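Each chain, written out:
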Amino acid sequence: MSYVLGVDLGTSAVKVSAIDKTGTIKAQQSYDYPLSQPKPGYSEQNPEDWVMGTTVAIVRLILNDGIAAADIDGISYSGQMHGLVLLDANNQVLRPAILWNDTRTTKQCEEISAKMGDDFIEITKNKSLEGFTLPKLLWVKENEPETFAKAATFLLPKDYVRYRMTGKLGMDYSDASGTVLEDVMNHEWSTRICKMFDIPESICPPLMDSIDYVGNITPNYAEFSGLDTHTKVFAGGADNACGAVGAGILHPNMVLSSIGTSGVVLKYEEDPSIDYKGTLQFENHAIPNAYYSMGVTLAAGYSLNWFKKTFAKDTDFSAFVASANESPVGANGLLFTPYIVGERAPYANADIRGSFVGIDGTQTRSDFVRSVLEGIVFSFRDILDLFEQNGSQFDTVVSIGGGAKSPLWLQIQADIFNVDVVSLINEQGPGLGAAMLAAVGLGWFDTVQDCAAQFVHFGTVYHPIEKNVAKYKELHKIYQTIYPSTKELSSRLLAFRRKN
Ligand SMILES: Nc1ncnc2c1ncn2[C@@H]1O[C@H](COP(=O)(O)OP(=O)(O)O)[C@@H](O)[C@H]1O
Ligand SMILES: O=C(CO)[C@@H](O)[C@H](O)COP(=O)(O)O
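Given the structure is predicted, the values throughout are model-derived calculations rather than measurements.

Please give an account of the site of ligand 1 that cites residues and values.
Around ligand 1 lies a shell of 21 residues, among which Ser12, Lys15, Thr261, Asn305 and Gly402 are the nearest. A distance of 3.4 Å is found between an oxygen atom of ligand 1 and a backbone nitrogen or oxygen belonging to Thr11. The separation between an oxygen atom of ligand 1 and a polar main-chain atom of Gly402 is 3.0 Å. In the complex, the protein chains occlude 87% of the 580 Å² of accessible area that ligand 1 would expose alone. Listed by contribution, the elements that provide at least two residues to the shell around ligand 1 are β2 (13-20), α10 (301-311) and α11 (317-322). Looking at the shell around ligand 1, the element that brings in the most residues is α10, giving four residues. Counted by class, the shell around ligand 1 contains seven nonpolar, 12 polar and two charged residues.

A description of the state of the cysteines should follow, citing residues and the corresponding values.
Applying the stated criterion across every chain yields a total of zero disulfides. For Cys109, which is in no disulfide, the shortest distance to another cysteine sulfur is to Cys194 and amounts to 17 Å. Judged by relative accessible area, which is 5%, Cys109 ranks as buried. No disulfide involves Cys194; its nearest neighbouring cysteine sulfur is the one of Cys204, lying 4.2 Å away.

Would you mind going over the sheet that holds strand β24 (residues 458-462) in detail, with residue names and values included?
Hydrogen bonds between backbone groups are what pair the strands of a sheet, and the pairing can be parallel or antiparallel. Spatially, seven strands are ordered β18-β19-β17-β16-β22-β23-β24 in an open sheet, and the strand pairing comes out mixed. Where the open sheet ends on each side, the last strands, each with one partner, are β18 (281-284) and β24. Between one strand axis and the next, the sheet turns through 30° on average, direction left out of account. With four bridges joining them, β18 and strand β19 (residues 291-297) adopt antiparallel strand pairing.

Can you lay out unusual backbone geometry for me, pointing to particular residues and giving the numbers?
Geometrically, the link from Ala345 to Pro346 is a cis peptide bond, its omega value of 0° lying close to zero. Mapped onto the fold, Pro346 is located in the loop between β20 (335-337) and β21 (355-357). Positive phi, normally seen in glycine, also occurs at His82, with a value near 70°. Turning to its location among the elements, His82 is positioned in the loop between β5 (72-79) and β6 (85-87). Exposure remark for His82: the relative accessible area of 2% places this residue in the buried category.

Go over the environment of Phe380, please, and point to the residues and values.
Among the structural elements, Phe380 can be located in helix α12 (residues 365-389). With relative accessibility at 0%, the residue Phe380 sits in the buried group. With 232 residues separating them in the primary sequence, Phe380 and Phe148 have C-alpha atoms 37 Å apart. With sequence-adjacent residues up to four places away left out, Phe380 is seen in contact with Ser257, Ser258, Ile259, Gly263, Val264, Val265, Thr297, Ala300 and Phe417.

Explain the site of ligand 2 residue by residue, including any values.
Contacts to ligand 2 come from 15 residues, most closely from Thr11, His82, Asp239, Ser262 and Arg344. In the model, an oxygen atom of ligand 2 is placed 2.5 Å from a nitrogen or oxygen of the Thr11 side chain. At 2.7 Å, a backbone N or O of Ser262 approaches an oxygen atom of ligand 2. Against a free-state accessible area of 370 Å², the protein chains account for coverage of 93% of ligand 2. The set of elements that each furnish at least two residues to the shell around ligand 2 consists of α9 (239-246) and β19. When the residues that make up the shell around ligand 2 are grouped by side-chain class, the tally is five nonpolar, eight polar and two charged.

Reading the values: rules and limits
Residues numbered from 1 in each chain as written. Chains lettered and ligands numbered in written order. Predicted model: local features only at pLDDT ≥ 70, side-chain atom pairs only at ≥ 80, totals over all residues. Heavy atoms only, no water. Near = heavy atom within 4 Å. Polar contact = N/O pair within 3.5 Å; in protein donor to acceptor, adjacent residues only side chain to side chain. Areas by Shrake-Rupley, 256 points an atom, 1.4 Å probe, with all protein chains shown as cover. Helix = DSSP H or I, 4+ residues; strand = E, 2+ residues; numbered from the N terminus. Nonpolar A, V, L, I, M, F, W, Y, C, P; charged D, E, K, R; others polar. Disulfide = S-S within 2.5 Å. Buried < 20%, exposed > 50% of the residue type's maximum accessible area, 1.4 Å probe, protein only. Pairing = 2+ DSSP bridges. Axes fitted to C-alpha atoms, helices over the stretch in contact; angles between N-to-C directions. Contact = heavy atoms within 4.5 Å.

Structure (structure tokens):
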């Protein structure tokens, strides 16, 4: 038997899947790790937790699930994007990783825009937003100069885990484009941006394709994890690129909806000359020489987790989500906006915060749960509107991520999007995508597309229910007025919090 492992390094947990040549997921293990939010807008993780979590999951696959190390031929990765990992000259981690949902860098983003204007979007195909890596580098340079002076390399989260398993430093194009330090169309680090912001180009790691062979498991890591040194390691990609690969989003009529910690609406771009002018993210794909675009809701699953942790701590997660079935479409007049850590799309605003609007003395907790589920999907609807305004038409939404475990949430998506929504037989989109990169890297398939034909299996289709569609259209119009009405209130409240 031959297996590939797909390591999905998420924000809430790492999930490792063992997949055979037919695309059957033989076993899965996961390991949760904490998120540290020491100040408003800050979000950090300890890179060592990622390495430990990945190793524990691999050990369990070998010991508990009987996946023999000798049968694991390849490994690849899907990683949470944008997080800054700084290493010194001995490749030791210099400070906690600053994550994609950390919004401390508004000042640095403004500086980047002021200095480079539209040239920046021309090179990187993106605006400089708080979550991306370059402003994080500039923040460290400005606020922790002694740390920055020691920095010899910067990596993204999954690149660090890969380094610990292989001893090789590198970054693939799909993750590099999320740093906004890459010249996206020319597939190289932008010397101009490095010079402009005084970033030594030497700290940028070597670039590669997601299917590229990086090295084998080192003897040290083999001893630590129970893996074997014959196992080949392939570069891997950004989690959303891998999610798209694992969900078979290989045509522009399909769109990906991912409800993880963040929320993502993603489109495969056949024509790379499309210009969203930075209103949507535009990235290199994990498929060589391909591209995709996406809009990101910063707090999708995170909003639901926050609500549960705060108001329903001891309830089982699935039962808690299913309790929303007790509330009707529109949650008895309650609307929720998921801007609880600021927002990226359609509103790039680090200072906006969430709201419940329409609280009524007759509402129950089920109404609140339903309004959270609906509010997150309204935010996705806003992103879909941006795509439609740029001429896209979709006939299928493929839903992945932890949120796709809930049939109710899938139906809410179909009703708010007014498009068929399909889930995967196994909701591990990014993990499956990562494994597919290893399968192609090993030569099991000639192309990612050939591998998708064998590995990707769709499950139930959720059709829009007409009467719900009409109600949601009406509610979405009201939802869209909440952002402009709460923008100023939010920034005044945040200023109060920062002062006190
Ligand atoms: N049974 C469930 N039903 C609906 N949503 C769920 C369920 N279990 C977890 N989730 C949501 O899925 C999210 C985690 O999704 P996942 O794709 O694993 O995230 P990440 O890759 O960011 O770690 C959680 O934030 C949670 O809100
Ligand atoms: O910032 C982005 C994409 O631009 C996020 O999508 C991260 O990549 C985190 O993903 P999840 O942990 O939510 O999967």
